[in-house]
Amino acid sequence: MSVLVDDDTRVVVQGITGGEGKFHAEQMMEYGTNVVAGAVPDKGGQEVSGVPVYDTVHEAVDEENADTSVIFVPPAFAGDAIFESLDSELDLAVAITEGIPTQDMARVNKRLSETETRLIGPNCPGLITPGEAKLGILPGNIFAEGNVGLVSRSGTLTYQVVDSLTNRGIGQTTAIGIGGDPIIGTDFVDALELFEDDPDTDAIVMCGEIGGEDEEEAAAFIDEYVDTPVAGFIAGRTAPPGKRMGHAGAIVSGSGTGTAESKISALNDAGVPVGDTPEEVADHIEEFLA
Amino acid sequence: MSVLVDDDTRVVVQGITGGEGKFHAEQMMEYGTNVVAGAVPDKGGQEVSGVPVYDTVHEAVDEENADTSVIFVPPAFAGDAIFESLDSELDLAVAITEGIPTQDMARVNKRLSETETRLIGPNCPGLITPGEAKLGILPGNIFAEGNVGLVSRSGTLTYQVVDSLTNRGIGQTTAIGIGGDPIIGTDFVDALELFEDDPDTDAIVMCGEIGGEDEEEAAAFIDEYVDTPVAGFIAGRTAPPGKRMGHAGAIVSGSGTGTAESKISALNDAGVPVGDTPEEVADHIEEFLA
Amino acid sequence: MKLHEYQAKTVFADAGIPTPDSQLASDVDGVVSAAEEIGYPVAVKAQVQVGGRGKAGGIKLVEDADEAREAADSILGMDLKGYHVDRVLVEEAVDFVNELYVGITMDRGEGKPVAMVSTKGGVNIEEVAEEDPDAIAREHIDPSFGMHPYQARKAVYDAGVDQSVARDVSSVLTTLYQLWDDKDGADAEINPLMVTADDEVIAADAVMNIDEDALFRQPELAEMEEEAAGGDELEQKADEYGFDYVRLDGNVGIIGNGAGLVMTTLDLVDHYGGQPANFLDVGGGAKAARIANALDMVFSDDNVDSVVFNIFGGITRGDEVARGINEALEQFDEIPKPVVVRLAGTNWEEGMEILNEDLVTVEQTLEDAVQRAVEYAGEVNDQ
Amino acid sequence: MKLHEYQAKTVFADAGIPTPDSQLASDVDGVVSAAEEIGYPVAVKAQVQVGGRGKAGGIKLVEDADEAREAADSILGMDLKGYHVDRVLVEEAVDFVNELYVGITMDRGEGKPVAMVSTKGGVNIEEVAEEDPDAIAREHIDPSFGMHPYQARKAVYDAGVDQSVARDVSSVLTTLYQLWDDKDGADAEINPLMVTADDEVIAADAVMNIDEDALFRQPELAEMEEEAAGGDELEQKADEYGFDYVRLDGNVGIIGNGAGLVMTTLDLVDHYGGQPANFLDVGGGAKAARIANALDMVFSDDNVDSVVFNIFGGITRGDEVARGINEALEQFDEIPKPVVVRLAGTNWEEGMEILNEDLVTVEQTLEDAVQRAVEYAGEVNDQ
């Protein structure tokens, strides 16, 4: 079992004719993902690595029954690509693109409230159900099948934590990189809810970072609704206040909220142990599963 | 009993300091309507005929517990006034204003789908529950308390039909003028649903006119959901095709839909007798109630 | 408000939609010199707002100066379905391989705008809509977001437009929506949008109707010269007075307040065996002067043999109406046509008292008033 | 991208927001002649983008030419919190009776824009937000509709702005939102928005930050001269290289890919008793040259005693990283600072094979790599 993606998922890759889109479409297929179509305006009729390309996502849905989109469209056009995927009544859209203007995402956010489609990202590595399918750019080889759900705001940090788990023989149901942008689709709370409802997920790793209040909200949600044991990690403990570190999200305002301390203490209060190192996170999960 | 408005309704009049707003606020109060506030930008603190004026509808709601708005705001500002009333979480907003740009109403229409507030109008005479309260510009003296619900796209035609009823001693639960604009809030179907659910409404009059397909949709709804007997009237039987007669709605495309014939036959098919004259409508109602 | 083709084309071209080279001309020499400047062949197109200009001889393709002169001569000054042609658009003739249709309008049923694209351009699109509705791709627009680029592409591909011009047609459609939105359009259409052998698209016609209710915030459009109302001179007069007026074939003149009630009055005239001469709605809250104007309108119609005046007052006050009727009739030595008045609603009793019953016939009910007017009209005809 | 005050004021004024008369000047004579033209009193304001300019002596009010000369002399060329002042704005001094605050920003938590109004303008609004949050009225905007006029009025009245200026303040707020929306603003603020004794409002300061990710569609703004990055010269260098870089106080240089992983590496350095010298994220998919630049950056920091290079490849490939490290280090006769490398993820084995282990220390795990780097840094310090 898993959440959101499995080997039945039928994927359309938006932007499949671009360098990134083509490379990762191939990587996804190599991993076993069922990539059924590409969608690129004015490129319909072509084939990319054996995958038929359509001019619109709607055609890909009509012709190939695609139910999930992975978006590798340049930032200037990515907002429109997300709107197109939402309008096509897909189950899931995964936006990998980094650098989408924030105002475009605010409009997407409004539309999300009006549709049934779930968005992951943007500016995220995607998600993977080990042994079944991956959607996005995660390096498949570090993952293993298992019973730990993982949700993270950061891409490479996810890999690091997964590596620690896999090296100990602890596999994952699904790992979700939700992205570090100011406005994202699926957030911690949404992902935690999915894992809580998944009977095969026996423990959850949640990797947060400084900035915003998503981790604090997640802690409150865990406290109230999540019975599955959760271990946390917060990156940026040593970040000085007021400095922006990479992600738009990772800025510490210095006003007490959004700091590593505030997040760690909120999680601890919700019964979530927070590791000092990725290995410590794996220690906690090992204990949960023992 | 009644629908939408009764003597508990607490009304804020948007545009109460204007000529129309003031006159009709007074007329409404004279009829017994509980007008608790006015709302006019930058006129807060004034009083109009004993009614306190606020700068915003929100203040009127906070200070006077208004739950219903009647809008007498010039067309250029009426769209914004409707948005304000929707945002104030009122139960009901009644827009009397004629001549609101259609694109403004398309935006209002979108917002309506996102809120709980019901809109009546625009470009409508309002509604009245005889003996309790009236919202809008209807001449109160022609109405009488009773058990007939009335819904109409046309103002003065409503009066004509009501007059025929009242003269025979047939009173009304509530009479609703939904307005003749291309885009309106509450439509025939909504109003029919309300009357159907009102235990005190024993018969319904529905006054339509040529143009659009609202009457046809209402007929389909009556056929499926309405047990209360309905009598209909359709204005514009003699209108030549392709000519626009007053209301933006009242245009006959000549393509078979929207004509008086199509409406009358749809209603007849749904078991609704359609009077040739307002008096004949009253005849049908009299029979229903006999 | 309906823009002229030449006005709409200017608006479209300013927004970046490709249009053929063209010049407006109002005399024969002007047409020829415009044609010379543009280069033959050119089309000479009557600038009047009626459908089927081509079939009616209002559009001519010319190859040289002689033909241009001849075409100008025949079109300028002609009467086209009741409209006098005093200007023509001289326009570069475009060689095309395909004709598309693109348009934006308000879908009243959905309460939202709709973009339409068809590969069956160059013909009457209403007929296409009726006979082959699937030939028109429709995409509804959420007016709060506006048209997303993907929606334009979707409409274009759904319609079956060639990939080679899809991008350009999408771009024209997006611009057209933007214009429709910015300018408070009621309809905006390009039919045909021509496709050339080089895969270029060009707007060979341009339709832009503006929502009259929004003209207050479209000062540039409001200033554009409107067509002198053509056709019926009574309808021109109604336009000046600001009445909703439609002239019909009968002999019972009808005046009332509110479209629904006036239509009902027409229907009753018909019901009681008469024939309505017109639809005239004085609107809400009419004052005495306006009432007098309405009577003047209807008296000016030679076909009218009797008049029924049906007012149900809401915001319109019976006393004002009565005063207007008196004023209008008191100026005549002899009342030109019999007038039946029925007043109800607000201040009807005051109105009844004010009415000079030497000048009009008063009835208490709508039915009685209409029957009486029909009777009077019959009597006149029997004379 | 943060606009200068003078740039933001031009943008605001062009949109119709009242701003004081002002001129930019870059030398003393220019200041005096600008002041003469505007008329005394004027404010002379340093055009650098740091908070608290006034307190730091970067803003002076002058009454005559002598004072203007003196102020220009002292401000031009001064060092303001690490930024060199080479231009001042000479601005009409406004007599005010009230100072308001108006601003638009993105509320990240809600995922929508928010308009803010306060009667506590003219002071640090972040402090107001913390100490008296109710003193700031907030109105969230649905970005699909944009700001409705009633929302501007609501924010203004909720904030307790006087009725006498409510209309003008609402109008400024509406315009500010429009600008924010049109120009892809991140923040747009006026603090203070001054109210004069005549109930006029005027923007005495102007802040406009643009979303860097949207600059591609804001060509006019993208062309505006950006401030020469002030402050730390290594941060200037990082800016040129296009790295996300923050300089810190420690001696362990850190390079990695992905903000979360780099932050984690910092945290581990701290955890193992070391002190991070910097945050440096090479981003996703870095090629060899970029990796070499990153090493160059960190070597340039005199405080750095050792370097930990932590790459977990997703789209970044281990072989490219290894090649970049080799290239960067092979140019030195002697490696300036010990470098510990840990490669994982995509192509890590290839990377390991490529790495010249004479030049770097290779570790298999993040923990080992960080500990080794902390050790090296300690050894250097012990020397």
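- As recorded by an unreviewed UniProt entry, chain C carries the name Succinate--CoA ligase [ADP-forming] subunit beta and is attributed to Natrinema pallidum DSM 3751.
- Quoted verbatim from the Pathway (unreviewed entry) heading of the UniProt record, the comment on chain C is "Carbohydrate metabolism; tricarboxylic acid cycle; succinate from succinyl-CoA (ligase route): step 1/1."
- The record held by UniProt for chain C lists under Sequence similarities (unreviewed entry) the comment "Belongs to the succinate/malate CoA ligase beta subunit family."

- By the naming in an unreviewed UniProt entry, chain A is Succinate--CoA ligase [ADP-forming] subunit alpha, taken from Natrinema pallidum DSM 3751.
- You can read under Pathway (unreviewed entry) in the UniProt record for chain A the words "Carbohydrate metabolism; tricarboxylic acid cycle; succinate from succinyl-CoA (ligase route): step 1/1."

Focus on the overall build of chain C
Move 1: In terms of helices and strands, chain C carries 13 helices and 18 strands.
Move 2: Referenced to the eigenvectors of the C-alpha coordinate spread, the extents of chain C come out at roughly 75 × 50 × 40 Å.
Move 3: Here chain C, with 383 residues, has 56% of them falling under the buried criterion.
Move 4: Taking contacts inside chain C between residues at least 6 apart in sequence as the whole, the part at least 24 apart equals 67%.
Move 5: With the model as given, the accessible surface of chain C reaches about 15800 Å², and the carbon-plus-sulfur share is 40%.
Move 6: Distance from the positive charge centre (27 side chains) to the negative charge centre (80 side chains) of chain C: 4 Å.

Topic: the interface of chain A and chain D
Move 1: With 51 residues of chain A at the interface, the matching set in chain D holds 44 residues.
Move 2: Where chain A abuts chain D, roughly 3700 Å² becomes buried across the two surfaces, and 58% of that area is made up of carbon and sulfur atoms.
Move 3: For the interface between chain A and chain D, the tally reads four salt bridges.
Move 4: Taken together, the links from chain A to chain D amount to 12 residue pairs in polar contact (both at pLDDT 80 or more).
Move 5: Counting residues per element, the ones that place at least two in the side of chain A that touches chain D are helix 4 (102-112), helix 5 (155-167), strand 13 (230-235) and helix 9 (278-289) of chain A.
Move 6: With seven residues, the single largest contributor to the side of chain A that touches chain D is helix 4 of chain A.

A look at the domain arrangement of chain A
All names here are of chain A.
Move 1: Each domain of chain A was delimited in the assignment, giving domain 1 (10-120) and domain 2 (139-289).
Move 2: Between the C-alpha centres of domain 1 and domain 2 there is a distance of 26 Å.
Move 3: Tallying the contact residues gives nine residues for domain 1 and 11 residues for domain 2.
Move 4: Between domain 1 and domain 2, the buried area comes to about 820 Å², and carbon and sulfur atoms account for 61% of it.
Move 5: Summed over the shared surface of domain 1 and domain 2, the result is zero salt bridges.
Move 6: Taken together, domain 1 and domain 2 are joined by two residue pairs in polar contact (both at pLDDT 80 or more).
Move 7: Going through the elements one at a time, helix 4 and strand 7 (118-120) are the ones with two or more residues in the side of domain 1 that touches domain 2.
Move 8: Per-element accounting of the side of domain 1 that touches domain 2 gives the leading share, five residues, to helix 4.
Move 9: A per-class count over the side of domain 1 that touches domain 2 returns six nonpolar, two polar and one charged.

Describing the sheet that holds strand 10 (residues 145-152) of chain B
Residues and elements named next belong to chain B.
Move 1: If you walk across this open sheet you meet the seven strands as 9-8-11-10-12-13-14, and the pairing is mixed. Across the chains shown, the open sheet's two edge strands, defined by having one partner strand only, are strand 9 (133-136) and strand 14 (274-275).
Move 2: Bridging between strand 13 (residues 230-235) and strand 14 involves two bridges; their strand directions are parallel. In the strand pairing of strand 14, Phe233 is matched with Gly275.

What about the UniProt feature "domain: CoA-binding" (unreviewed entry) in chain A?
Move 1: Per the UniProt entry, the sites bearing "domain: CoA-binding" (unreviewed entry) are residues 4-100 of chain A in this numbering.
Move 2: Helix makes up 35% of residues 4-100 of chain A and strand 26%, and the two end C-alpha atoms of the span are 24 Å apart.

Some points on the UniProt feature "binding site: substrate" (unreviewed entry) in chain A
Move 1: Cross-referencing UniProt, the feature "binding site: substrate" (unreviewed entry) maps to Tyr159 of chain A in the present numbering.
Move 2: Position of Tyr159 of chain A relative to the elements: it lies in helix 5.
Move 3: On the accessibility criterion, Tyr159 of chain A (4% relative accessible area) is buried.
Move 4: Filtering out sequence-adjacent residues up to four positions away, Tyr159 of chain A remains in contact with Pro125, Ile137, Leu138, Pro139 and Ile142 of chain A together with Phe312, Gly313 and Gly314 of chain D.

Concerning the sheet that holds strand 4 (residues 51-54) of chain B
Residues and elements named next belong to chain B.
Move 1: An order of 3-4-2-1-5-6-7 is seen for the seven strands of this open sheet, with the pairing classed as mixed. Both edges of this open sheet fall to strand 3 (47-48) and strand 7 (118-120), since each of them pairs with a single strand only.
Move 2: Looking at chain direction, strand 5 (residues 68-71) and strand 6 (residues 92-95) are connected through four bridges and run parallel. When the bridges of strand 6 are listed, Ile71 appears paired with Ala95.
Move 3: Its contacts with the sheet put helix 3 (residues 75-87) on strand 1 (10-14), strand 5, strand 6 and strand 7, and the angle it makes with strand 5 is roughly 175°.

Focus on the pattern of salt bridges
Move 1: Tallied over the full model, the rule gives 76 salt bridges over all chains.
Move 2: Salt-bridge contacts for Glu84 of chain B lead to Arg153 of chain D; the nearest nitrogen and oxygen are separated by 3.2 Å. With Glu84 of chain B in helix 3 and Arg153 of chain D in helix 5 (residues 149-158), this residue pair bridges two chains.
Move 3: For Glu84 of chain B, a relative accessible area of 4% puts it in the buried group.
Move 4: A salt bridge links Arg247 of chain D to Asp301 of chain D; the shortest N-O distance between them is 2.8 Å.

Each value, and the rule that gives it
Every chain's residues receive numbers from 1 upward, in the order its sequence appears when written. Each chain is given a letter, starting from A, and each ligand a number, starting from 1, according to the order in which they appear as written. Where totals are concerned, whole chains, interfaces and linings use all residues; where local detail is concerned, this predicted model gives features only for residues with pLDDT of at least 70, and gives and counts side-chain atom pairs only at 80 or more. Each side-chain value is worked out from all heavy atoms of the structure, with water and hydrogens disregarded. UniProt positions are given in the numbering used here, feature names are shortened, and annotations may be inferred rather than shown by experiment. Strands are runs of DSSP state E lasting at least 2 residues, helices are runs of H or I lasting at least 4, and numbering of each runs from the N terminus. Relative accessible area decides the class of each residue, using a 1.4 Å probe on protein chains only: under 20% of the type maximum gives buried, over 50% gives exposed, and in between gives partly exposed. Pairs of residues are marked as contacts when any of their non-hydrogen atoms sit within 4.5 Å. With residues, only the protein chains shown are counted as cover, and all accessible areas are computed by Shrake-Rupley using a 1.4 Å probe. A residue counts as positive if it is Lys or Arg and as negative if it is Asp or Glu; His and the chain ends are not included. In plain terms, the charge of a residue is placed at NZ if it is Lys, CZ if Arg, CG if Asp and CD if Glu. Summed over both partners, buried area is the accessible surface (1.4 Å probe) that two parts give up on being assembled. Between Lys or Arg on one side and Asp or Glu on the other, a salt bridge is scored when a side-chain nitrogen of the former is within 4 Å of a carboxyl oxygen of the latter. Any N or O atom pair separated by 3.5 Å or less is treated as a polar contact, with the protein-specific requirement of one donor-capable and one acceptor-capable atom, and with residues adjacent in sequence counted only for side-chain atom pairs. Just so you know, the domain bounds were taken from an automatic or database domain assignment. Polar here means any residue outside two lists: the nonpolar Ala, Val, Leu, Ile, Met, Phe, Trp, Tyr, Cys and Pro, and the charged Asp, Glu, Lys and Arg; Gly therefore counts as polar. When DSSP finds at least two bridges between two strands, those strands are taken to pair. An axis is simply a line fitted to the C-alpha atoms; with a helix, the fit covers only the stretch in contact. Between two such axes, the angle follows the N-to-C directions and lies from 0 to 180 degrees.

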